[in-house]
Amino acid sequence: MGIDLLAALLFPIWYRRCSTTPYLAIMIALGTLYALSIAVWGFVARNNDVIAFCNPPLGLAPTVSMIWSSSNVVINSVVVFVYVTIIILVRLKAKSSTCQESRRVIKRLKVTAIVFVFSWYMAILGVNLGYAIGLRDDALAIFQSNMVFFALLCYSQTFYVCLWRSLEYRSAFFEQMYIMVGRTYQRKNGPNTSSTTRIVVQPITMTAKS
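Residues numbered from 1 in each chain as written. Predicted model: local features only at pLDDT ≥ 70, side-chain atom pairs only at ≥ 80, totals over all residues. Heavy atoms only, no water.

- Looking at an unreviewed UniProt entry, the chain carries the name G_PROTEIN_RECEP_F1_2 domain-containing protein, with the source organism given as Haemonchus placei.
- Reading the Subcellular location (unreviewed entry) entry of the UniProt record for the chain gives the comment "Membrane". (UniProt positions renumbered as here; feature names shortened; annotations may be inferred.)

Quick notes on the side chain of Ser 119
For step 1, the next point in the chain: By secondary structure assignment, the location of Ser 119 is in helix H6 (residues 100-132).
For step 2, the next point in the chain: Using a relative accessible area of 0% as the deciding quantity, one classes Ser 119 as buried.
For step 3, the next point in the chain: Residue contacts for Ser 119: discarding those within four places in its chain leaves Phe 150, Ala 151, Leu 153 and Cys 154. (Helix = DSSP H or I, 4+ residues; strand = E, 2+ residues; numbered from the N terminus. Buried < 20%, exposed > 50% of the residue type's maximum accessible area, 1.4 Å probe, protein only. Contact = heavy atoms within 4.5 Å.)

A look at the UniProt feature "transmembrane region" (unreviewed entry) in the chain
For step 1, the next point in the chain: UniProt's entry tags residues 23-45, 65-90, 111-133 and 139-163 with the feature "transmembrane region" (unreviewed entry), counted in the numbering of this structure.
For step 2, the next point in the chain: Spanning residues 65-90, this segment combines 100% helix with 0% strand, and its end C-alpha atoms are found 37 Å apart.

Topic: the environment of Arg 91
For step 1, the next point in the chain: In this structure, Arg 91 sits in helix H5 (residues 62-97).
For step 2, the next point in the chain: With a relative accessible area of 34%, Arg 91 lands in the partly exposed category.
For step 3, the next point in the chain: Sequence separation between Arg 91 and Ile 106 is 15 residues, and the spatial gap between their C-alpha atoms is 6.9 Å.

Things to note about the packing of aromatic side chains
For step 1, the next point in the chain: For the structure on display, the rule yields three aromatic pairs.
For step 2, the next point in the chain: For the ring pair Phe 116 and Tyr 121, a centre distance of 6.5 Å and an interplane angle of 10° mean the geometry is stacked.
For step 3, the next point in the chain: Take Tyr 121: its relative accessible area is 16%, and that puts it in the buried class.
For step 4, the next point in the chain: Between the aromatic rings of Phe 149 and Phe 150, the centroid separation amounts to 5.6 Å while the plane-to-plane angle is 75°, which identifies the pairing as edge-to-face.
For step 5, the next point in the chain: Positioned above the aromatic ring of Phe 43 is the side chain of Arg 46, whose terminal nitrogen or guanidinium carbon lies 4.1 Å from the ring centre. (Phe/Tyr/Trp six-rings, centres within 6.5 Å; stacked < 30°, edge-to-face > 60°. Lys NZ or Arg CZ within 6 Å of the ring centre and 35° of its normal.)

A look at the side chain of Ser 65
For step 1, the next point in the chain: Topologically, Ser 65 is positioned in helix H5.
For step 2, the next point in the chain: When near neighbours in sequence (up to four residues on either side) are disregarded, Ser 65 contacts Pro 56, Pro 57, Leu 60 and Tyr 131.

Describing the nonpolar core
One recurring pattern in soluble globular proteins is that nonpolar side chains are buried together.
For step 1, the next point in the chain: If you look at the biggest cluster of nonpolar residues, it comprises 13 residues, and the most contacted ones within it are Ile 38, Leu 60, Val 64, Trp 68, Phe 116, Trp 120 and Ile 124.
For step 2, the next point in the chain: Of all the secondary structure elements, the ones that give two or more residues to this core are H5, H6 and helix H8 (148-165).
For step 3, the next point in the chain: With five residues, H6 is the single largest residue contributor to this core.
For step 4, the next point in the chain: Excluding anything up to four places from it in sequence, Val 64 contacts Ile 38, Trp 41, Gly 42 and Ala 45.
For step 5, the next point in the chain: Grouped together as the second largest cluster of nonpolar side chains are nine residues, Leu 6, Tyr 83, Ile 86 and Val 90 included. (Core = buried A, V, L, I, M, F, W, Y, C linked by side-chain atoms within 4.5 Å.)

Here it is as structure tokens:
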């Protein structure tokens, strides 16, 4: 998501003209290539050791696990750098245009970046910390497995951050909830701002066939 936002900011004309299908294919291919290489290597390097807990650091062979966690630290550092770059670029544009929407974007990005650092980033750093301080066997397994707490925060943070900071996301969420209970909705803009949305709920009626 961060790279996508950065591309939109740095190359807006190219981003608008870029075909969606090839763009998505390249993005998916990059992630798949990394994940597949780790999975294949982990399969080839498997052994008969007992796995204390079912998670990637312990499920992979020790060498593969260290490479996986170290490469994730590098990737996470790049993600943090991308988010910081985006925040700086949006802030510079906001100063020149004094756009209220830009300020809201900056706030959302800050919250997303902070939660990312204290969730997935901390989880992977914790895994590497176990290796760095020389933990072995059961102590290492327990220490690394407890890092899943930070990972769980990462898996859910994007939804809650967007729901908290974006009126549009909240409106879309409520609309889906109304659909689930068999109601339709209609959006109407508020009188003072285009970002204010009011949902009008109407019951779904069945039309009789003649």
